[in-house]
Protein chains: 2
Amino acid sequence: MLQDTQQKIIDSAIIIFNDDFSAPIEKVADRAEVTRRTLHRYFGERKDLLLACQLEMQKTCRAGMLTAFESSPDLLVKLEQMLYACIDCGSKYSFLNKLHNQQGHIHDHENEECVKYDHSFGLITTVISGLQEEGLVSRQLTVEWMTSLFTGIIRSTIDALTSGTVASASIKKFAWFSFSKGIGA
Amino acid sequence: MLQDTQQKIIDSAIIIFNDDFSAPIEKVADRAEVTRRTLHRYFGERKDLLLACQLEMQKTCRAGMLTAFESSPDLLVKLEQMLYACIDCGSKYSFLNKLHNQQGHIHDHENEECVKYDHSFGLITTVISGLQEEGLVSRQLTVEWMTSLFTGIIRSTIDALTSGTVASASIKKFAWFSFSKGIGA
DNA sequence: TTTAAATGTCTCAAATATGAGAAATTGTTC
DNA sequence: GAACAATTTCTCATATTTGAGACATTTAAA
């Protein structure tokens, strides 16, 4: 088997549920090219699948983010690499974000998943704050807005990639151009 | 009645379905503060409600967009006003976009709704193309990317507004700052 | 206050989604 | 090709969602 079935199911689930949170399990099975029955052998119920998605997203995003964060002492380079890393995470980034900011999620500092999320995604805030203190990005904008913008640009990029309207070769550079200028760098 | 029940249901549906396309009708009814039974009196089945949402979004977005488009002969002012108009449309803008670009939508030039969509949203492309021809925005970026960016920034703005992380007084200005710089204006 | 329209309550039938057992089928490995 | 694991197929039972009838209750207007 080219790709592990379980992994394929998780990856499909992330894409499907990111697009449509209450979509029937069957859609996930279809995309993973397995029967609903097979899916259920790996994941007892919906909650279990969702949890597996959460772990997968957490793992991938965290790894990419940390590598990028440590890639350079230069804050601006860090940020650029983090942007690219998040684009590479694709819907894993989008969905993890959604789970922690929408869908009626109540952020809970006792919840281990929330803590892990904060730890990974807090790096973006850290870097942006640092840049602002050094006067390397606009002082008019708030850190919160720049963080929102970061997420928005990632989503634009992922959408553009999936719809195929923008060539994938140039898209990362476009994203960085727009983001860096957009925060006044 | 302060607000027409039917309208309240439609507005709720736009918010709920934008967030979770396959959410049960009951969620919409809850948000609109009516019973599921009442909702069903206005909208026979799910499809009918969705259609009503579509019409409402089309109407609101189109009106805002056209007013903005005609607000000034200056292309850059047009674009700025269009950005503000779309922010004002809120989830109506987001959801209409989603419907025509995701959820397995097949764009069909025979379909009247698609034609109306293209006509309204094509204005953005028109203005951006114009600006690029006049050298007022970057020539490195493609029009497709700048359009994606436009949508991404609107979504960031709406998210930031609903989550309340960024003050609503300054947010439109932030959005315009980031978008205009982001396209190299 | 009476009347009419809108909404809620209770109920039910049909449709769809979910989860799992049992046996048949496919695919891999030795 | 026998033996084993993974997957499919077929089948059910259960849960949830959907849509609507019948009647009570509320609300707005005359």
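Residues numbered from 1 in each chain as written. Chains lettered and ligands numbered in written order. Predicted model: local features only at pLDDT ≥ 70, side-chain atom pairs only at ≥ 80, totals over all residues. Heavy atoms only, no water.

### A short note on the protein's contact with DNA strand D
Step number 1: Neighbouring DNA strand D are 17 residues; A:T5, A:T35, A:T38, A:R41 and A:Y42 lie closest to it.
Step number 2: In DNA strand D, the atoms that sit within 4 Å of the protein are 47% sugar and phosphate, with bases accounting for the remainder.
Step number 3: Separating a phosphate oxygen of DNA strand D from a side-chain N or O atom of A:T5 is a distance of 2.3 Å.
Step number 4: Going through the elements one at a time, α3 (36–42) of chain A together with α3 (36–42) of chain B are the ones with two or more residues in the surface near DNA strand D. (Near = heavy atom within 4 Å. Polar contact = N/O pair within 3.5 Å; in protein donor to acceptor, adjacent residues only side chain to side chain. Helix = DSSP H or I, 4+ residues; strand = E, 2+ residues; numbered from the N terminus.)

### Some words on unusual backbone geometry
Residues and elements named next belong to chain A.
Step number 1: Residue E33 is not a glycine yet carries a positive backbone phi of 60 degrees.
Step number 2: Tracing the backbone shows E33 in the loop between α2 (25–32) and α3.
Step number 3: Among the residues examined, E33 registers a relative accessible area of 64% and is labelled exposed. (Buried < 20%, exposed > 50% of the residue type's maximum accessible area, 1.4 Å probe, protein only.)

### As for the interface of chain B and chain A
Step number 1: Across the boundary between the two partners, chain B contributes 33 residues, which contact 33 residues of chain A.
Step number 2: Of the charged contacts, one joins A:D159 and B:R155 as a salt bridge, the two residues approaching to 2.6 Å between their closest N and O atoms.
Step number 3: Where chain B touches chain A, the interface holds 12 residue pairs in polar contact (both at pLDDT 80 or more).
Step number 4: Counting only elements with at least two residues in the side of chain B that touches chain A, the list comes to α8 (143–163) and α9 (168–182) of chain B.
Step number 5: At 11 residues, α8(B) tops the list of elements feeding residues into the side of chain B that touches chain A.
Step number 6: Classifying every residue of the side of chain B that touches chain A by side-chain character gives 13 nonpolar, 14 polar and six charged. (Contact = heavy atoms within 4.5 Å. Salt bridge = Lys/Arg side-chain N within 4 Å of Asp/Glu carboxyl O. Nonpolar A, V, L, I, M, F, W, Y, C, P; charged D, E, K, R; others polar.)

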